[in-house]
Amino acid sequence: MNAEHTDTALEAFDADWQEWHADHERQRAHPHGFLAVTHLHWLGSEPARLDGAPGTWSVEADVVRVVLEPGDSLQQDGRELNTAAGTSLEFGPIEERGGINLVSGDTVIELAKRGGEYIVRPRNPSHPLLRDYQGTPAYSPDAAYAVRGTFVPFEAPRPTTVGAAVEGIQHVYQAPGEIRFKLAGQELALTAFNGHAPGSLSVLFTDQTSGKTTYAANRSLSVVPAADGSVLLDFNRSVNLPCAYTDLATCPLPPAENRLPVAIEAGEKIPYERQDQQ
């Protein structure tokens, strides 16, 4: 490939990355995204009032009960759930890592299940973390960190237990296989979990930049294997999880084997909001 073609390819690579990252930033700064989370409440069997949410909340036998007083407002799918006299509502069971969204005024109230426990996270667009968000610093795109690899399925999916960004809970994911690749002259592998989109995989990892220029606990990369198992690992598209920005997140940590012994100077860096904590 001559120099002109090389320059054109690199310009296209850079432009594609800029467009992708701008879109990712728009999604991150959604008015009711994780930057809008104001509180993290763990539900128990005793009814309790929760900051940022109306009524009293409790959970027992996989059923969440919310008791609303007259004048409280709680909506689901645009429908008001309260009555003039007040009411008692029940939700659940909710599957692990699942959740529902309720609305009270300007606040979206996330009711979810994490690590076998029920949580409530109010999300308000006026939250300072969202209001003051400056964007996330990232390395300039570098095609050297877009490498080819191979997805190698396990004989059967492996239940894989990992820690979480908050103490006291664990996450269990099904790992369908591993991705093998070469970077910086080393043969490497990453255990992959099923991704959100059909046919996609998600890898959680740390590397030798973690805790220095990139967030210490984890980064994430989504990939889509081809039918023959070939896959592109574009580490320029490595992103931070919510726990990189807020302590109100329950993000999973990478499995031990995904702690890479190389420095991946690509993708998102430590958020501005956390740089004084590293």
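Residues numbered from 1 in each chain as written. Predicted model: local features only at pLDDT ≥ 70, side-chain atom pairs only at ≥ 80, totals over all residues. Heavy atoms only, no water.

Sorry if this is basic, but what is going on with the overall build of the protein here?
Broken down by element type, the protein carries two helices and 16 strands. Dimensions of the protein along its principal axes, counting C-alpha atoms only, are 75 × 45 × 35 Å. A sequence separation of at least 24 residues applies to 59% of the contacts in the protein between residues at least 6 apart. Total accessible area on the protein is roughly 14,000 Å²; 48% of this is exposed by carbon and sulfur atoms. (Helix = DSSP H or I, 4+ residues; strand = E, 2+ residues; numbered from the N terminus. Contact = heavy atoms within 4.5 Å. Areas by Shrake-Rupley, 256 points an atom, 1.4 Å probe, with all protein chains shown as cover.)

Explanation requested: the nonpolar core in the structure shown.
Nonpolar side chains in soluble globular proteins generally cluster together in the buried interior. In this structure, Ile 179, Phe 181, Leu 183, Leu 233, Phe 235 and Ile 264 are the most contacted members of the largest nonpolar core, which totals 21 residues. Elements with a contribution of two residues or more to this core: β11 (146–162), β12 (171–183), β13 (186–194), β14 (201–205), β15 (219–223) and β16 (230–234). When sequence neighbours within four positions are dropped, the list of residues in contact with Leu 183 reads Ala 144, Tyr 145, Val 147, Leu 188, Phe 235, Val 262 and Ile 264. (Core = buried A, V, L, I, M, F, W, Y, C linked by side-chain atoms within 4.5 Å. Buried < 20%, exposed > 50% of the residue type's maximum accessible area, 1.4 Å probe, protein only.)

Teacher, can you tell me more about the side chain of Glu 25 here?
One can find Glu 25 in helix α1 (residues 3–28). Only 2.5 Å separates the side chain of Glu 25 from the side chain of Tyr 133, close enough to count as a polar contact. Apart from residues no more than four positions distant in its own chain, Glu 25 is found in contact with Tyr 133, Gly 135 and Thr 136. (Polar contact = N/O pair within 3.5 Å; in protein donor to acceptor, adjacent residues only side chain to side chain.)

Is there a simple way to explain the sheet that holds strand β3 (residues 56–60) in this structure?
Whenever strands of a sheet pair, they do so through backbone hydrogen bonds, lying parallel or antiparallel. A sheet is described by the order of its strands in space; here four strands give the open sequence β2-β3-β4-β7, paired in antiparallel fashion. Only two strands of the sheet have a single partner each, and these edge strands are β2 (48–49) and β7 (87–91). Across five bridges, β3 lies against strand β4 (residues 63–68) in antiparallel orientation. Within β4, the residue paired with Glu 60 across the bridge is Val 63. (Pairing = 2+ DSSP bridges.)

Would you mind going over unusual backbone geometry with me for this structure?
What you tend to see is this: most non-glycine residues have negative phi, and most peptide bonds are trans. Across the junction of Gly 92 and Pro 93, the peptide omega takes the value 0 degrees, indicating a cis bond. Mapped onto the elements of the fold, Pro 93 is located in the loop between β7 and β8 (99–104). Look at Asp 77: it is not a glycine, yet its phi comes out positive at around 55 degrees. For Arg 97, which is not glycine, the phi dihedral falls at a positive 70 degrees. Mapped onto the secondary structure, Arg 97 falls in the loop between β7 and β8.

I would appreciate a short explanation of the sheet that holds β15 in the present structure.
Spatially, six strands are ordered β15-β14-β13-β12-β11-β16 in an open sheet, and the strand pairing comes out antiparallel. Because the sheet does not close on itself, it has two edges, and the strands there are β15 and β16. For this sheet, the mean angle separating the axes of adjacent strands, direction not counted, is 45 degrees. Sheet topology note: the β12/β13 ladder contains seven bridges and is antiparallel. Pairing of Leu 183 across the sheet is with Gln 186, part of β13. (Axes fitted to C-alpha atoms, helices over the stretch in contact; angles between N-to-C directions.)

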